[in-house]
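# Structure at a glance
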Amino acid sequence: MNYLMKNYKPLPISFEYGKGCYLYSGKGAKYFDAISGIGVCGLGHSNNQITKVISSQSKKLLHVSNLFNIKNQEQLAKKICKISKMDSAFFCNSGSEANETAIKLARLHANNKKIKNPKIIMFDKSWHGRTIATLSATGNKAVRKGFEPVINGFLECEFNNIKSVKQAINKNNISAIMIEIVQGEGGIRVANKDFIKNIREITEKKDILLIVDEVQSGMGRTGKWFSYQNYNIKPDIVTCAKGLGNGVPIGACLGNKKVSKLFTPGSHGSTFGGNPLVCAVSSKVIDLIQRDNLNANSKMIGKYIISQLKLKTSKMDVVKEVRGLGLMIGIEIKKQNSNIVKDCFEKGLILNLTSGNVIRLLPPLIITKNQANFIIKKLCEVLKNY
Ligand SMILES: Cc1ncc(COP(=O)(O)O)c(C=O)c1O
């Protein structure tokens, strides 16, 4: 009898331990983890420095609540604002919560401006979370199914189509635009440079908040701290989670000066959010990414994997496109729901399928060129049989 609810369908395997880019089963089998716990463990598994911080901080203080000043939280806020060029931070426990916070900020912005019936623009195939509000902001109809009614206040536009955004703005009271610049769950779809530039111009001109969801794409994943830094723009709100904690649960919602004024004492909060333990760990994550120049590694190895995969799969009928940014890589194939994940697993390579037909690679940021070659080799061996 299994006492877990039936919302997951895990592979019938569990891991005993991990080290760096590798996971080990109880039987001693070794796997290369090219998905990093869905974009979480950028510094790899059982990172010594992270383990040390968890251990030392847990001996001092785990939790006190936000009734008190938390030094580790203030230090982390300073560091994350510096790397994102934002002005203030709110800490929570997941990507969904970070996006809930962003949605609440957009509602406050609209209320302050006395906008009636305000709407937030979101995009087809987007993914912003599983809570009711973030689900309502998610452009994946399958995950919304059965949970209707979703909440009002969201309007779907077409990703990479500026006309559809302009039309929506002309016809509605738009308070914010919420976007993943590189869609993750939607199949590694990368926004065009012009599309993002135009969106930023319109949002600035019309006092519409630009919310960039960096939950999957942030913390070095795309070769910069945040994906928007590849586009030379500065959003009003940035949300972040996954790679920020390397495995401890933390989310963050960051705001610029305009946004920083919206919350007042009591208007938002979280019991666990920003506790001394998670903030100590996340501070160390930022230090280590900086110290080891992992943004540059992500950019370099990402480019290498994409170019090699393009080359080596160019004559494979089953491959439709190889795309991505940094170490956020998708290989779109012409078959839905294939056994590719299982076949790669049997060769010691862990990856996943997203959107039904996009093989997704999110390897740890510490990946070496040799390890990249392993991924390319094993994946091509499998793809040849399709
Ligand atoms: C872009 C994006 N936003 C939000 C979320 C939700 O994050 P969480 O699962 O931590 O709530 C995800 C999760 O995959 C995501 O990829």
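For the structure, check the block above.
The rules behind these values
Residues numbered from 1 in each chain as written. Predicted model: local features only at pLDDT ≥ 70, side-chain atom pairs only at ≥ 80, totals over all residues. Heavy atoms only, no water. Pairing = 2+ DSSP bridges. Helix = DSSP H or I, 4+ residues; strand = E, 2+ residues; numbered from the N terminus. Axes fitted to C-alpha atoms, helices over the stretch in contact; angles between N-to-C directions. Contact = heavy atoms within 4.5 Å. Buried < 20%, exposed > 50% of the residue type's maximum accessible area, 1.4 Å probe, protein only. Left-handed = near helix turned anticlockwise from the far one by under 90°. Nonpolar A, V, L, I, M, F, W, Y, C, P; charged D, E, K, R; others polar. 1 Å grid on protein atoms, 1.4 Å probe; cavity = no way out; pocket = protein on both sides within 12 Å on 5 of 7 lines; lining within 4 Å. Points joined across faces, edges and corners; volume = space filled by probe spheres on them. Domains from an automatic or database assignment.

Spatially, the 7 strands line up as an open sheet ordered β4-β12-β11-β10-β7-β5-β6, and their pairing is mixed. If you trace the sheet from one side to the other, it starts and ends with β4 (88-92) and β6 (154-157), each paired once. Pairs of neighbouring strands in the sheet enclose a mean axial angle of 20 degrees, with direction left out of account. As judged from the 3 bridges shared by strand β10 (residues 209-213) and strand β11 (residues 237-240), these two strands associate in the parallel manner. Pairing of Asp213 across the sheet is with Thr239, part of β11. Lying on the sheet, helix α8 (residues 193-206) is in contact with β5 (119-123), β7 (174-179) and β10; it crosses β7 at an angle near 155 degrees.

The next point concerns the environment of Leu309. Tracing the backbone through its elements, the reader meets Leu309 in helix α11 (residues 294-313). Its relative accessible area of 1% is what places Leu309 among the buried residues. Remark: the alpha-carbon pair of Leu309 and Ile120, spanning 189 residues in sequence, is separated by 37 Å. Those residues in contact with Leu309 that sit more than four places away from it in its chain are Val322, Ile331, Leu361, Ile376, Leu379 and Cys380.

Two elements in contact, helix α3 (residues 71-84) and helix α10 (residues 276-291), have axes separated by 8 Å at closest approach and are oriented at 35 degrees. For the crossing formed where α3 meets α10, the hand is left-handed. Contacts between α3 and α10 involve Asn72, Gln73, Gln75, Leu76, Lys79, Ile80 and Ile83 from the former and Pro276, Cys279, Ala280, Ser282, Ser283, Ile286, Asp287 and Gln290 from the latter. For the contact of α3 with α10, the class distribution of residues is 7 nonpolar, 6 polar and 2 charged.

It is worth spelling out empty space enclosed by the protein at this point. Within the structure shown, the criterion is met by 1 cavity of 30 Å³ or more. Here the largest cavity defines a volume of roughly 60 Å³. As for the largest cavity, its lining consists of Gly39, Val40, Gly42, Leu43, Gly218, Met219, Arg221, Gly243, Asn246, Val285, Ile289 and Leu365. Broken down by class, the residue content of the lining of the largest cavity amounts to 6 nonpolar, 5 polar and 1 charged. Counting residues domain by domain, the lining of the largest cavity receives three or more from each of domain 1 (15-46 + 293-383) and domain 2 (49-291).

The subject of this paragraph is the layout of surface pockets. If you add up the space inside the largest pocket, you get close to 1,800 Å³. Along the wall of the largest pocket there are 45 residues; nearest its centre are Tyr8, Ile38, Arg130, Glu185 and Asn352. Within the residue set of the lining of the largest pocket, elements represented by two or more residues are α1 (36-39), α4 (95-112), α12 (340-346), β15 (349-350) and β16 (352-354). A per-class count over the lining of the largest pocket returns 21 nonpolar, 16 polar and 8 charged. Composition of the lining of the largest pocket by domain shows at least three residues from each of domain 1 (15-46 + 293-383) and domain 2 (49-291). In terms of lining, the second largest pocket is formed by 27 residues, of which the most central are Gln73, Ala89, Phe90, Phe91 and Phe263. Residue assignment for the lining of the second largest pocket shows that the elements contributing at least two residues are α3, β4, β12 (251-255) and α9 (257-260). Counting residues per element, the lining of the second largest pocket draws most heavily on β4, at 4 residues.

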